[in-house]
Amino acid sequence: MSVRADRPAVPESGLSEKGLSKGTVGVLGAVVIGISCIAPAYTLTAALGPTVAEVGTQLPAVFIAGFLPMLLVALGYRELNRAMPDSGTSFTWATRAFGPWIGWMGGWGLVAATIIVLSNLAAVAVDFFYLLIAQMTGNDGIADLTTNLWVNIPTTLVFLGVACWISYRGMEATKSFQYVLVTFQLVVLTWFAVSAFFHVNNGTAFDATPVSLDWFNPLEVSSFSAFAAGISLSIFIFWGWDVTLTMNEETTNPEKVPGRAATLTVLVIMGIYMICSLAVIAYAGVGTTGLGAGNPDNQESMFAVLAEPIMGPFAILMSLAILSSSAASLQSTLVSPARTMLAMSYYKALPPSLSRISPRFMSPSVATIVAGAVSGAFYVVTRLLSENALWDTITALGLMICFYYGVTALACVWYFRREAFSSVRSFLLKLLAPLVGGVILIVMLVSTARDSMDPDYGSGSSVAGVGTVFILGVGVLLLGAVIMVVMRVRHPGFFKGETIKRLR
Amino acid sequence: MRCLVGYTADGRGAEAIALAAALGGPGAHLDLAIVLPEHTPFSAVYPGGDHGYSSILAETVAAWADEALALVPDGLTARVLARAVSSPAEGLIALAQETGAQVIVLGGRKRHVAGFFAPGSVASALLHSSPVPVAMGSPEAVASLEAAAGRLSRVTVLVGNRAGHKAVVRAGAEAAAAQDLPLRVVSLLAQDDLPSGWALHQAVESTQAAVAGLVTELGIDADVTVASGGSLDEAISDLAWLPGEVAVVGSSRLARKRRLFLGPTAQRMLRTLPVPLVVVPKSYKPASARNEGTPT
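As the structure is a computational prediction, the values presented were derived from the model and not from experiment.

Caption draft 1: The packing of aromatic side chains, seen in detail. Within the structure shown, the criterion is met by 22 aromatic pairs over all chains. Summarising the aromatic geometry, the rings of Tyr 404 of chain A and Tyr 405 of chain A are spaced 5.1 Å apart at their centres and angled 80 degrees between planes, so their arrangement reads as edge-to-face. Taken individually, Tyr 404 of chain A and Tyr 405 of chain A each receive the classification buried, so the pair is uniform in this respect. Following the ring pairs from residue to residue traces out a cluster consisting of Phe 63, Phe 67, Phe 238, Trp 241 and Tyr 273 of chain A. Directly above the ring of Trp 241 of chain B sits Arg 184 of chain B, whose terminal nitrogen or CZ lies 5.3 Å from the centroid.

This is the structure we're talking about:
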């Protein structure tokens, strides 16, 4: 028999520390991480149009209002993250609080949201890829290539494939890369807004609209359903902000850095969103013709239309900023559904092959490829169903974020229900904030889902008389429910609470 | 003998363990290193953060560690070291220095499209920077070891026709002596590489004399031969290999002192040799010649 001197059950170093470089991120670094997760250049071009379509000039008001549920839910998130740092996902949290069925759907909601955003990110990256080439070569015809499905769909799939490959190889963005990317986005967006106001001042704006205080008044929004739709869209634009709040041991001072960074991040982001949304409306108005922000032709990708008239030859920088931020997000976002699927598979809530980890790259191998393939398939289907695929996917994404955020927030309330009354602080952070945030999100979800059945909803595309957004959003949730039942029949272990115990 | 094995939980890792066990001989100690990429906070995973990935990964690595230990043949001691590192090659070098390993052992060279073996990216990086010898196997090399029941049969040091192979001959001699194996020193000569005006037979004679002189100077017992041919590939194909034989080559003259740098000749050998290959750093002094001590 061989002598094995020291045979550790758990290998001796590195893993207990999760391989994280400890205490290296200061406030500035955390702000950069937060902004890079939000990817403001991408979110603005994708969300400005659909939000204007819903709420018109009250865009700034809705953007501000959309932050409130995000803040409330993120506070709950932080508490869950502190209580269960090692499981860190909506799936495990919701399972511990509400049991396997709701937990499974929470995980599914997160996977679905990321799959949808991946297809949108790839599509936006492709649009600006061709626009950038057109601007570089001076050949406008190249920008139109993206409207040709035979060009667009294969290019998008290539972008997704590359992101998959990078994720599978376990490559990560470095500090300097993120600093450059974030600075570049902020500079270009500010440049865009300032130039727009120059045009307004000089009388060269398309439809100069004087900035009014009413734009900040959410009560001016025409109807509750428009407001609800606007809110679920604007949750998307802050999606990523909560990462600063949940940072912990990687910061130089876990007591202070996350809070300060989160505050600073939201100030920077809110500032950039305000000047850009004011600039767009002040320059282009909300009219439905020409460059107007209300023109459905412009709403899929606002900056693709407005950057050129506003920034002149420097519009190429905007294309570069959006291309780089969406391509970088594409890669970093892909990690998320892959890990959630891996976790779900590991706890026997999804087929076992999804939990395979590459021994060479230490990344989820099967789950990464599945996530990439499914978002590619989702994109192809959406693109074929709807001429306004980008618009519809962003709206459907809003629904999905409301769903899994809402579920997670309520999981927080339920999980902490016994200790919530022990102090004022716990009452506010563990009960009131997530409860209010969660209820707001669920209300937005139900209202938007109901309205989206209307075939004229959003971009106005429909399938069999039902709005595409409803088909995409609710369809994906129902598909999840079906897969869940199949899993319950074939692998009942998870649903019997054998892998994750519900805490009663 | 202490070996550091760059272990991956696949066929290559198993090959690396088999090779390390043969190289180390009875009573050797294997440190099985599983290196994980270091996570940078600047590549934050969003949405949802870690998703419990690090705990799942830790459990997976623990299971891999058990599998790896089960692969170690009887009579050897072994342990698993898992560490998050910024680059696998640098991590392996650091671990080798910490553990006082005499050799870093890697698994199969990747099968190249053209049917040749080429080192993977980690091996490549190690072959150009390691301060300790690096050994590499291949499916063919492992088959050769298996044919010899996992034991080495002979050590062959391959040298070129230029000066500066004292370190590699000495390293080969030490390795042979440690397991009481015969040593063969082969000079490779290719007509293509000779200075113009030289005839091959002249070169063969002078090289043979030089290597024989070196062997005498080092006071070792070795079979000195010359393999020659029109090209290097021809010269190599001229050689006969025993099952369980291991080849030892030196570093390129481009290497920094006491660092490894795989020269073009060795690179070509790597692609065609049917036996495991050990590459020795420039001016390498075996552990016995240094005073490093072995950490417990």
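We are not done yet, so read on.
Caption draft 2: The arrangement of the packing of helix α5 (residues 100-137) of chain A against helix α14 (residues 389-415) of chain A in detail. Residue and element names in this part refer to chain A. Taken N-terminus to C-terminus, the directions of α5 and α14 make an angle of 155 degrees; their axes are 8 Å apart at the nearest point. Judged by the angle between their axes, α5 and α14 are roughly antiparallel. The handedness of the crossing between α5 and α14 is left-handed. Class assignment of the residues belonging to the contact of α5 with α14 gives a composition of 17 nonpolar, five polar and one charged.

Caption draft 3: Region of interest: the environment of Tyr 405 of chain A. Mapped onto the elements, Tyr 405 of chain A comes out in helix α14. In this structure the C-alpha to C-alpha distance between Tyr 405 of chain A and Gly 109 of chain A, which are 296 residues apart in sequence, comes to 8.6 Å. In this structure Tyr 405 of chain A touches Met 70, Val 73, Tyr 77, Trp 239, Asp 242 and Leu 441 of chain A together with Tyr 46 of chain B, once residues within four positions along its chain are discounted. Within the structure, the side chain of Tyr 405 of chain A is placed 2.7 Å from the side chain of Asp 242 of chain A, a separation counted as a polar contact.

Caption draft 4: Up close: the interface of chain B and chain A. Facing the 50 residues of chain B at the interface are 61 residues of chain A. Remark: the boundary between chain B and chain A carries four residue pairs in polar contact (both at pLDDT 80 or more). For the side of chain B that touches chain A, the secondary-structure elements that each account for two or more residues are β2 (29-37), α2 (53-71) and β3 (77-85) of chain B. With 14 residues, the single largest contributor to the side of chain B that touches chain A is α2 of chain B.

Caption draft 5: Here's a closer look at the side chain of Ser 187 of chain B. With respect to the helices and strands, Ser 187 of chain B occurs in strand β9 (residues 183-190). Ser 187 of chain B sits in the buried class, given a relative accessible area of 0%.

Caption draft 6: The arrangement of the nonpolar core in detail. Residues Trp 104, Phe 236, Trp 239, Phe 303 and Tyr 405 of chain A together with Leu 30 of chain B are the most contacted members of the largest nonpolar core, which totals 223 residues. The leading source of residues in this core is α5 of chain A, at 22 residues. When sequence neighbours within four positions are dropped, the list of residues in contact with Leu 30 of chain B reads Cys 3, Val 5, Ile 17, Ala 20, Ala 21, Val 72, Leu 76, Thr 77, Ala 78 and Arg 79 of chain B. With 38 residues, the next largest nonpolar core counts Met 136, Leu 232, Val 249 and Leu 270 of chain B among its residues.

Caption draft 7: Examining the pattern of salt bridges more closely. Summed over the entire model, instances satisfying the criterion amount to eight salt bridges over all chains. In this structure, the salt-bridge partner of Glu 419 of chain A is Lys 430 of chain A, at a minimum N-O distance of 3.2 Å. Of this pair, Glu 419 of chain A sits in the loop between α14 and α15 (424-451) while Lys 430 of chain A sits in helix α15, placing them eleven residues apart in sequence. Judged by relative accessible area, Glu 419 of chain A falls into the partly exposed class, the value being 37%. Taking relative accessible area as the criterion, Lys 430 of chain A reaches 14% and is therefore assigned buried. Residues Arg 2 of chain B and Asp 31 of chain B are paired through a salt bridge, measuring 3.3 Å at the closest nitrogen-oxygen approach. In this pair, Arg 2 of chain B sits in strand β1 (residues 2-6) while Asp 31 of chain B sits in strand β2, placing the two residues 29 residues apart along the sequence. We note that Arg 2 of chain B, like Asp 31 of chain B, is buried.

Reading the values: rules and limits
- The numbering scheme is per chain: residues are counted from 1 as the chain's sequence reads.
- Here chains are named by letter from A upward and ligands by number from 1 upward, in the order in which they appear as written.
- Local features in a predicted model are, by the rule used here, given only for residues with pLDDT of at least 70; side-chain atom pairs are given and counted only at 80 or more, and totals for whole chains, interfaces and linings are based on all residues.
- Side-chain measures here rest on the full set of heavy atoms in the structure, leaving out hydrogens and waters.
- Stacked, tilted and edge-to-face are the three classes applied to pairs of Phe, Tyr and Trp rings, where Trp contributes its six-membered ring and a pair requires centres within 6.5 Å; stacked means planes under 30 degrees apart, edge-to-face means over 60, and tilted covers the rest.
- Between buried and exposed lies partly exposed: a residue is buried under 20% and exposed over 50% of the maximum accessible area for its type, with that area taken using a 1.4 Å probe on protein chains only.
- The rule is short: NZ of Lys or CZ of Arg within 6 Å of the ring centre and within 35 degrees of the ring normal puts a charge over the ring.
- Lines are fitted to the C-alpha atoms to define the axes, a helix being fitted only along its stretch in contact, and any angle between axes, read from their N-to-C directions, falls within 0 to 180 degrees.
- Counting from the N terminus, the helices are DSSP H or I runs at least four residues long and the strands are E runs at least two residues long.
- Roughly parallel covers angles under 35 degrees, roughly antiparallel covers those over 145, roughly perpendicular covers 65 to 115, and oblique covers all other angles.
- Should the near helix be turned counterclockwise from the far one by less than a right angle, the crossing is left-handed, whereas a clockwise turn marks it as right-handed.
- Gly is placed with the polar residues, together with every amino acid not listed as nonpolar (Ala, Val, Leu, Ile, Met, Phe, Trp, Tyr, Cys and Pro) or charged (Asp, Glu, Lys and Arg).
- Residue contacts follow a heavy-atom distance rule, with two residues in contact if any of their heavy atoms lie within 4.5 Å.
- The term polar contact refers here to a pair of N or O atoms within 3.5 Å; inside protein, the definition further demands a hydrogen-donor-capable atom paired with an acceptor-capable atom, and it admits residues adjacent in sequence only when both atoms are side-chain atoms.
- Nonpolar cores were defined as sets of buried Ala, Val, Leu, Ile, Met, Phe, Trp, Tyr and Cys residues, with membership established by side-chain atoms within 4.5 Å.
- Take a side-chain nitrogen of Lys or Arg and a carboxyl oxygen of Asp or Glu: if they are within 4 Å of each other, that pair is a salt bridge.

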